[in-house]
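Given next are the chains, with one letter for each unit.
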Amino acid sequence: MNLISRPFEITSIFRKEILAMSAYKVADAQGLIKLDAMENPYNWPEDLKLAWLATLKDCPINRYPDPTAQELSQTIKRTYQIDDQFDVMLGNGSDEIIQLLLMALPNTASVMAPAPGFVMYKQLSDCLGLNYLSIPLRADDFDLDLPTMLETIRLYQPSVIFLAYPNNPTGNLFSHSAILEIINLAKGLVVIDEAYAPFADASFIDSLPAHDNLLVMRTVSKLGLAGLRLGYIIGRPAIIEQLNKIRLPYNINSLTQLSANFALCNYAIFDFQTNKICRERSRIFNQLNTLTGIIAYPSSANFILFKTSTDQANRIFLAIKEQGVLIKDMSSQGGLLADCLRVTIGKPVENDAFITALKNCL
Ligand SMILES: *Cc1c(COP(=O)(O)O)cnc(C)c1O
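Since we're looking at a predicted model, the values are computed, not measured.

Focus: the domain arrangement of the chain
When its domains are assigned, the chain resolves into domain 1 (11–40 + 268–360) and domain 2 (57–264). Relative placement of domain 1 and domain 2: their C-alpha centres are 23 Å apart. The interface is formed by 28 residues belonging to domain 1 together with 31 residues belonging to domain 2. In total, about 2200 Å² of surface goes out of reach between domain 1 and domain 2, with carbon and sulfur atoms giving 70% of it. Contact with domain 2 buries surface across domain 1, with Phe270, Ser300 and Leu336 losing the most and accounting together for 28% of the total. In this assembly, domain 1 and domain 2 are joined by 0 salt bridges. One can count 6 residue pairs in polar contact (both at pLDDT 80 or more) joining domain 1 with domain 2. For the side of domain 1 that touches domain 2, the element with the most residues is helix α12 (residues 268–290), which contributes 5 residues. Among the residues making up the side of domain 1 that touches domain 2, the classes are represented as 16 nonpolar, 7 polar and 5 charged.

Some points on the side chain of Arg281
Mapped onto the fold, Arg281 is located in helix α12. No salt bridge is formed by the buried Arg281; its nearest oppositely charged neighbour, Asp201, is found at 9.0 Å.

Re a nonpolar patch on the surface
There is a patch of nonpolar side chains on the surface, built from Phe8, Ile10, Ile13, Phe14 and Leu19 and spanning about 510 Å² of accessible area. Within the fold, Ile13 resides in helix α1 (residues 10–13).

Observations regarding the nonpolar core
Core analysis: the biggest nonpolar cluster contains 57 residues, and Ile76, Leu90, Leu144, Leu163, Ile179 and Ile182 have the highest contact counts within it. Both domain 1 (11–40 + 268–360) and domain 2 (57–264) contribute no fewer than three residues apiece to this core. Ignoring sequence-local partners within four residues, the contact set of Leu163 consists of Pro114, Leu144, Met149, Ile179, Ile182, Val190, Val191, Ile192 and Asp193. In terms of nonpolar packing, the next biggest core, distinct from the first, is built from 34 residues, Val325, Val343, Ile355 and Cys361 among them.

About the cut-offs
Residues numbered from 1 in each chain as written. Predicted model: local features only at pLDDT ≥ 70, side-chain atom pairs only at ≥ 80, totals over all residues. Heavy atoms only, no water. Domains from an automatic or database assignment. Contact = heavy atoms within 4.5 Å. Buried area = accessible area lost by both parts, 1.4 Å probe. Salt bridge = Lys/Arg side-chain N within 4 Å of Asp/Glu carboxyl O. Polar contact = N/O pair within 3.5 Å; in protein donor to acceptor, adjacent residues only side chain to side chain. Helix = DSSP H or I, 4+ residues; strand = E, 2+ residues; numbered from the N terminus. Nonpolar A, V, L, I, M, F, W, Y, C, P; charged D, E, K, R; others polar. Buried < 20%, exposed > 50% of the residue type's maximum accessible area, 1.4 Å probe, protein only. Lys, Arg positive; Asp, Glu negative; His and termini not counted. Patch = residues over 30% accessible without salt bridge, like charges linked within 9 Å, V, L, I, M, F, W, Y side chains within 5 Å. Areas by Shrake-Rupley, 256 points an atom, 1.4 Å probe, with all protein chains shown as cover. Core = buried A, V, L, I, M, F, W, Y, C linked by side-chain atoms within 4.5 Å.

In structure tokens:
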């Protein structure tokens, strides 16, 4: 065989930002109780599944999907009582919406978000070579460091500010008045990421009319439809119009459009499931705080962040996994997350298995 050797350098092909990144890793959960990814642990009752399958039966999968997902968009607006003066754009998960928004910015733009926060804000900003401004939360209560955020806005005028409400991975709701001060000072867009709205009694949707730079982003993933990949962003038509220009025309497939529409039209199932999850959240929070060496932080989401004794987090994470329960080790991120683990609220038996496994290794 005559192999021709050519000088070929991967590093000369790809942008330096890409070469410096590492891919988002998802742990293998096979055979484990899965309490690592903020999924709703409940599926649907049989009769609801059959009704859902009946709606899929005549789906024209030989055709391209509706590029504007008219029916699903209307159902979302109706379900969450979104005023007609606002537009809704759908994404393949809210992750895709974050990506679209950042892709639309000039490459000199700054993006600001608190830390610790949702990893995709930074991952996608870095990938696009944007200037990512990470502002540490207050150490005592994980609330926004408002003076530093306001100062950073004055200095850098970020094009986009992301605020997850409730925040991932800390689980708390930031101060409402602090968020309003940020929205009022910012000349760029402020995205309130309400991925955990189903578990929190709070939203900025009602604040949309008063602030022309405000966007509210949501997802059906944590609600109980993570497999569909559907997120949406609500805002003024003038802003949504720009994002729609770079959205791929068929980003929401036909099966997702039909299934999400069906699910939202049967919303009672989610109210039932999320109420159960919230009750379990209080039970597990209380149990964690009775354990010596563990501090659980209050959560308005479907997970709980908790602190272990110094330098024990990774050992405890592995010991819990050894007993068949997968949670998330946050400790390697350091900073405010040093010694911290995060557990998603599952079914009562799963949560009990987690508590038992944890007790066994303290
Ligand atoms: C999970 C999560 C998302 C991503 O949701 P998808 O719609 O599944 O892409 C966005 N923001 C926050 C804060 C999250 O925790």
